[in-house]
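Residue strings, one per chain:
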Amino acid sequence: MATTRRKVVIVGAGIAGLSAGVELSRSGQYEVIILEAMSTFGGRIQTLKGFGSHAIELGANWLHGTKGSPVYELAKKHDLLSMSDGSSSSCSSSSSISSSIFDDNEDAKWYKNNSAEENQYRTEAGECMNTKLVLQAKKMFADAMDKNVDSIHVSEVDMDQNTGDALAQGFAEELKHRGIVNDTKEYHQYWLIYKHCCSMECLDIGSNTLRDAQLKSYDNYKELEGGYYTTLGEEGYQGVLEKLLEDIPEGSILYNTPVERIQYADCNTRNGSVPQDDDDDAVVTVTCEDGRTFRCSHVIMTASVGFLKENLETFFRPPLPEDKLSAIRTLPYGNVNKIFLKYKRPFWNSSDFGLQVLWDAPLPTKEESEEEEKEKFYRMLPGFDIEDRNDDILVGWTYGRGADYMETLTDEEIGQRCTAILRKFLNDPSIPEPEKVLCTRWKGNRYQRGAYGAFLPVQALGKEIEGIQRPVYSNRTRHGQKVPVLLFAGEAFHKTYFSTTHGAMVSGMDQAKVLINFSLVSK
Ligand SMILES: Cc1cc2nc3c(=O)[nH]c(=O)nc-3n(C[C@H](O)[C@H](O)[C@H](O)COP(=O)(O)OP(=O)(O)OC[C@H]3O[C@@H](n4cnc5c(N)ncnc54)[C@H](O)[C@@H]3O)c2cc1C
């Protein structure tokens, strides 16, 4: 006898939604419909062809780690990885350097694995910072991170202690330990590199400042083993997702179909109602902005935390249970944007070129006038590197309120400001204007409202992600089992791999498995 498959609506065709869709379709237990607001799949994975000779990535760029990553496995299986690993100017990046310029053996070993000699670190006066000093400062930053953040005893730290203060204290101790004396030029230079490392860290976690990030939970993110900056080949990141699409039945994804509301009746937010055993449990109604409705048994919601925060009051009927509401309110969601500058021909000579800008003055504060603030937002742009696949494109990353502000400008204006920055820091007025400019606008996308938030804010309880991972159950039962009606997946809802594509993919697969298991036990 043929059994009717229950319907699951997945909101969002990013990597979490697609991987959930693949798992559910493969199981044969469910009929899947994926509703996507945009005209294409991928969400924060967007590969753009045609801007340069080779594709560029507007969102995710690298595979952060390989061992145990389903994204890496998929890319490898289909031969989609690039031949070489990308590099980065991050304070944790790895490329080789001669360690012979350093006296201390310990230091020399570290420099060998963690340096980026090709990057020029320059001050606002156009002065190129001494490589040895840069590397020493970066090592001290890494040591401060290790001692004062990663190795802390979580039970001894208060909820309201922040990472920025702990790091600054650790760095000051490192300076003292190495006998670097206050108020000398050298001392000032070390702090400039420190500030740059903090900016790179803010880019990684999507925060305005490291003071926003709770110290207690800062080490929750776990790195996978294997290259941290593994890049993809010509087909880019979306090429990997195309492989997922092959396993989703044709016609199951509806594009340009933004969901406006999810009504999940008979749920456990209604106190006192008696669970009924019922085989007709298509109790969820998904309403789209164009008025179409879909009735289904289960929904997997994969929209970003940014979208959820903005629409929390109106999107779910009845409102979500209190633990989920407060978790979504607590989880951070920051902004990170990329600026692509395409040149007629490279003005740099080395294929390893990179410019790291050491802003002297402080970052914007709330007390300043709008004009002063605007000037300072450029300080949330720590540098430019050659784009991974295009040797005539520079890419700069900007974060926090700097990224928000940049979204209010036109690409042309941003290009002009970047040229001014390059000329100033390289001390070279002949640096040409780029031929083309493109700045991403993740916050402006109302189905994203930012990029990611890879930290917990001070005062977070630390139970937020676990709370969201638990499904919302219906008050009905099916064959004695409570029915999970509303599930959440996406990068932000993975306990240790948040903010990554592999975290999003695992989260989508995990939530699909909840439904598959439920289907098996409730038969
Ligand atoms: C600039 C940037 C750089 C990054 N770099 C990296 C990197 O190098 N490596 C890495 O691992 N990760 C990186 N990330 C993070 C990575 O892109 C994300 O973690 C991952 O892609 C998130 O996938 P997701 O499926 O959880 O969410 P999304 O990709 O956001 O998918 C959610 C989908 O839901 C849709 N949606 C939202 N609301 C609705 C609605 N109401 N109705 C219908 N559809 C809706 C959205 O349009 C979207 O397509 C980066 C992100 C950004 C922004």
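The structure displayed is predicted, hence computed values, not measured ones.

Conventions used here
- Residues numbered from 1 in each chain as written.
- Predicted model: local features only at pLDDT ≥ 70, side-chain atom pairs only at ≥ 80, totals over all residues.
- Heavy atoms only, no water.
- Near = heavy atom within 4 Å.
- Polar contact = N/O pair within 3.5 Å; in protein donor to acceptor, adjacent residues only side chain to side chain.
- Areas by Shrake-Rupley, 256 points an atom, 1.4 Å probe, with all protein chains shown as cover.
- Helix = DSSP H or I, 4+ residues; strand = E, 2+ residues; numbered from the N terminus.
- Nonpolar A, V, L, I, M, F, W, Y, C, P; charged D, E, K, R; others polar.
- Expected span 1.5 Å × (residues − 1).
- Buried < 20%, exposed > 50% of the residue type's maximum accessible area, 1.4 Å probe, protein only.
- pLDDT = per-residue confidence, 0-100.
- Contact = heavy atoms within 4.5 Å.
- Axes fitted to C-alpha atoms, helices over the stretch in contact; angles between N-to-C directions.
- Left-handed = near helix turned anticlockwise from the far one by under 90°.
- Phe/Tyr/Trp six-rings, centres within 6.5 Å; stacked < 30°, edge-to-face > 60°.
- Lys NZ or Arg CZ within 6 Å of the ring centre and 35° of its normal.

Undergrad: What's the story with the site of the ligand in this structure? I'm lost.
TA: In the neighbourhood of the ligand, 39 residues make up the surrounding shell, with Glu36, Arg44, Trp62, Val259 and Thr501 lying closest. Take Gln448: an N or O atom from its side chain is 2.9 Å from an oxygen atom of the ligand. For the ligand, an oxygen atom lies 3.3 Å from a polar atom in the backbone of Thr500. Look at the ligand: alone it shows 1,000 Å² of surface, and the protein chains cover 99% of it. Within the residue set of the shell around the ligand, elements represented by two or more residues are helix H1 (15-27) and helix H14 (501-521). Looking at the shell around the ligand residue by residue, the classes come out as 22 nonpolar, 14 polar and three charged.

Undergrad: Please explain helix H4 (residues 131-150) as it appears in this structure.
TA: The α-helix winds at 3.6 residues per turn, so residues separated by three or four positions along the chain end up facing the same way. Taking 1.5 Å as the rise per residue, H4 with 20 residues should run 28 Å; its terminal C-alpha atoms sit 26 Å apart, in good agreement. Burial of H4 is extensive: 14 of the 20 residues sit out of reach of the surface.

Undergrad: How should I be thinking about the environment of Gln161 in this particular structure?
TA: Looking at the secondary structure, you find Gln161 in the loop between H4 and helix H5 (163-177). Considering only alpha carbons, one finds Gln161 and Ala213, 52 residues apart in sequence, at a separation of 8.6 Å. A polar contact is formed between the side chain of Gln161 and the backbone nitrogen of Asp158, at a distance of 2.8 Å.

Undergrad: Sorry if this is basic, but what is going on with the confidence of the model for the protein here?
TA: Residues shown with low pLDDT carry predicted positions that ought not to be read at fine detail. Per-residue pLDDT for the protein has a mean of 89; in total, 87% of the residues score no lower than 70. Taken as a whole, residues 86-101 scores under 50 in pLDDT and shows 49 contacts with residues more than four places along the chain or in a different chain. Here residues 268-275 is modelled with pLDDT under 50, and outside its nearest four sequence neighbours on either side it reaches 12 contacts, counting other chains as well.

Undergrad: How should I be thinking about the packing of H1 against H14 in this particular structure?
TA: Each pair of packed helices can be summarised by the angle the axes make with each other and by the distance between the axes. Viewed as axis vectors pointing N to C, H1 and H14 meet at an angle of 35 degrees, and their least axial separation amounts to 7 Å. The handedness of the crossing between H1 and H14 is right-handed. Contacts between H1 and H14 pair Ile15, Ala16, Ser19, Ala20, Glu23, Leu24 and Ser27 from the former with Thr501, Ala504, Met505, Gly508, Met509, Ala512, Lys513, Leu515 and Ile516 from the latter. Of the residues assigned to the contact of H1 with H14, the class counts are 10 nonpolar, four polar and two charged.

Undergrad: Explain the packing of aromatic side chains here, please?
TA: How two aromatic rings sit relative to each other is set out by the distance from centre to centre and by the angle between their planes. Per the counting criterion, the structure on display carries 23 aromatic pairs. Seen in terms of ring centroids, Trp62 and Trp397 are 5.6 Å apart; in terms of plane orientation they differ by 5 degrees. Their pairing is stacked. Here Trp62, found in the loop between strand E4 (56-57) and helix H2 (70-77), pairs with Trp397, found in strand E15 (residues 393-399); they are 335 residues apart in sequence, far enough to count as distant. The pair formed by Trp62 and Trp397 is uniform in burial state, with each residue classed as buried. A centroid spacing of 5.0 Å and a plane angle of 65 degrees characterise the contact between Phe171 and Trp191, whose relative ring orientation is edge-to-face. Residue Phe171 is located in helix H5, and its partner Trp191 is located in helix H6 (residues 185-205); the two are separated by 20 residues in the primary sequence. A network of ring pairs unites the aromatic residues Phe307, Phe315, Phe316, Tyr447, Phe488 and Phe493 as a single cluster. The ring of Tyr473 carries the charged tip of Lys482 above its face, separated from the ring centre by 4.4 Å.

Undergrad: Explanation requested: the environment of Lys424 in the structure shown.
TA: Turning to its location among the elements, Lys424 is positioned in helix H12 (residues 411-426). Since its relative accessible area comes to 39%, Lys424 is described here as partly exposed. Taking the C-alpha atoms as reference points, Lys424 and Arg122, separated by 302 residues in sequence, lie 9.6 Å from one another. A distance of 3.3 Å separates a polar atom in the side chain of Lys424 from a polar atom in the side chain of Glu124.

Undergrad: Before we go on, may I ask you to explain unusual backbone geometry in this structure?
TA: Across the chain, the bulk of peptide bonds are trans and the bulk of non-glycine residues have phi less than zero. Arg317 connects to Pro318 through a cis peptide bond whose omega is -5 degrees. Structurally, Pro318 can be placed in the loop between strand E11 (316-317) and helix H9 (322-330). Of note in this structure, Asn256 is not a glycine but carries a positive phi near 50 degrees. With respect to the helices and strands, the residue Asn256 is situated in the loop between strand E6 (253-254) and strand E7 (259-264). Located in the positive-phi region is His479, a residue other than glycine, with phi close to 50 degrees. Secondary-structure assignment places His479 in the loop between strand E17 (472-478) and strand E18 (481-488).

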